[in-house]
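# Chain and residue survey
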Amino acid sequence: MDNISSTKVFTIGQVAKHLGVAKGTVRHWIKTGKLHASVDAHGMHSVTGEDLLTLGMKRGVSMHQPKVTGGLPKRHGGKLLSVSAAASELGVSKE
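All of these numbers come straight from a predicted model, not from anything done at the bench.

## Notes on the overall build of the protein chain
Each helix and strand in the protein chain was counted, giving 4 helices and 3 strands. Starting at the N terminus and ending at the C terminus, the protein chain contains elements arranged as β-α-α-β-β-α-α. Across the 95 residues that make up the protein chain, the buried fraction comes to 28%. Counting only carbon and sulfur atoms, one obtains 56% of the accessible surface of the protein chain, whose full area is about 6,400 Å².

In structure tokens, the structure reads:
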């Protein structure tokens, strides 16, 4: 991926592509407050590069290199999660 400028704005689709998740996941993050987005007069959401970078860092996604693709789930950025990380992301106990 190209470098992300903190001053650029991104659509839901672009955010999803950069983070390796579905557009519905990005919409969920916006709805639940995990990701801030502005809405224009036409109802289109936009996310600042700064917010995209912040979320990417929280998820451990490098925004300067292409995602690993292949047999691993895209929703986790193409990488394996530890049991602790998966439990944390799902909001459940690892036991």
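## A look at the nonpolar core
Grouped together as the largest cluster of nonpolar side chains are 15 residues, with contacts concentrated most on Val 15, Leu 19, Val 26, Trp 29 and Leu 35. Breaking this core down by element, the ones donating at least two residues are helix H1 (12-19), helix H2 (23-32) and helix H3 (49-59). Once you skip the residues sitting within four places of it in the chain, Trp 29 turns out to touch Leu 19, Val 21, Lys 34, Leu 35, Leu 55 and Arg 59.

## Quick notes on the packing of H1 against H2
Put simply, H1 and H2 touch, their axes get as near as 8 Å, and they point 110° apart. Compared by their axis directions, H1 and H2 come out roughly perpendicular. Residues Ile 12, Gly 13, Val 15, Ala 16 and Leu 19 of H1 lie in contact with H2, whose contacting residues are Lys 23, Val 26, Arg 27, Trp 29 and Ile 30. Looking at the contact of H1 with H2, its residues break down into 7 nonpolar, 1 polar and 2 charged.

## A word on the environment of Ala 22
As for its position among the elements, Ala 22 is in the loop between H1 and H2. Along the backbone, Ala 22 and Ile 12 are 10 residues apart, and their C-alpha atoms lie at a distance of 9.3 Å.

## Brief notes about the packing of H1 against H3
Their axes nearest at 11 Å, the elements H1 and H3 cross at an angle of 30°. When the axis of H1 is compared with that of H3, the two are roughly parallel. Pair H1 / H3 crosses with right-handed handedness. Here H1 contributes Val 15, His 18 and Leu 19 to the contact with H3, which in turn contributes Leu 52, Leu 55 and Gly 56.

## Some details on H2
Along H2, the residues classified as buried are Val 26, Trp 29 and Ile 30. Along the long axis of H2, the arc covered by the buried residues comes to 100°, so they all point the same way. Considering only its buried residues, H2 is in contact with H1, strand E3 (45-48) and H3. A positive phi of about 85° marks Gly 33, the residue just after H2.

## Section: the sheet that holds strand E2 (residues 38-39)
If you trace the 3 strands from one edge of the open sheet to the other, you get E1-E3-E2, paired in antiparallel fashion. A single partner strand is all that each edge strand has here, and the edge strands are strand E1 (9-10) and E2. For E2 and E3, the ladder comprises 2 bridges, and the chain directions are antiparallel. Looking at the pairing, Val 39 lines up with His 45 of E3.

Procedures and definitions
- Residues numbered from 1 in each chain as written.
- Predicted model: local features only at pLDDT ≥ 70, side-chain atom pairs only at ≥ 80, totals over all residues.
- Heavy atoms only, no water.
- Helix = DSSP H or I, 4+ residues; strand = E, 2+ residues; numbered from the N terminus.
- Buried < 20%, exposed > 50% of the residue type's maximum accessible area, 1.4 Å probe, protein only.
- Areas by Shrake-Rupley, 256 points an atom, 1.4 Å probe, with all protein chains shown as cover.
- Core = buried A, V, L, I, M, F, W, Y, C linked by side-chain atoms within 4.5 Å.
- Contact = heavy atoms within 4.5 Å.
- Axes fitted to C-alpha atoms, helices over the stretch in contact; angles between N-to-C directions.
- Parallel < 35°, antiparallel > 145°, perpendicular 65-115°, else oblique.
- Nonpolar A, V, L, I, M, F, W, Y, C, P; charged D, E, K, R; others polar.
- Left-handed = near helix turned anticlockwise from the far one by under 90°.
- Arc of directions from axis to C-beta.
- Pairing = 2+ DSSP bridges.

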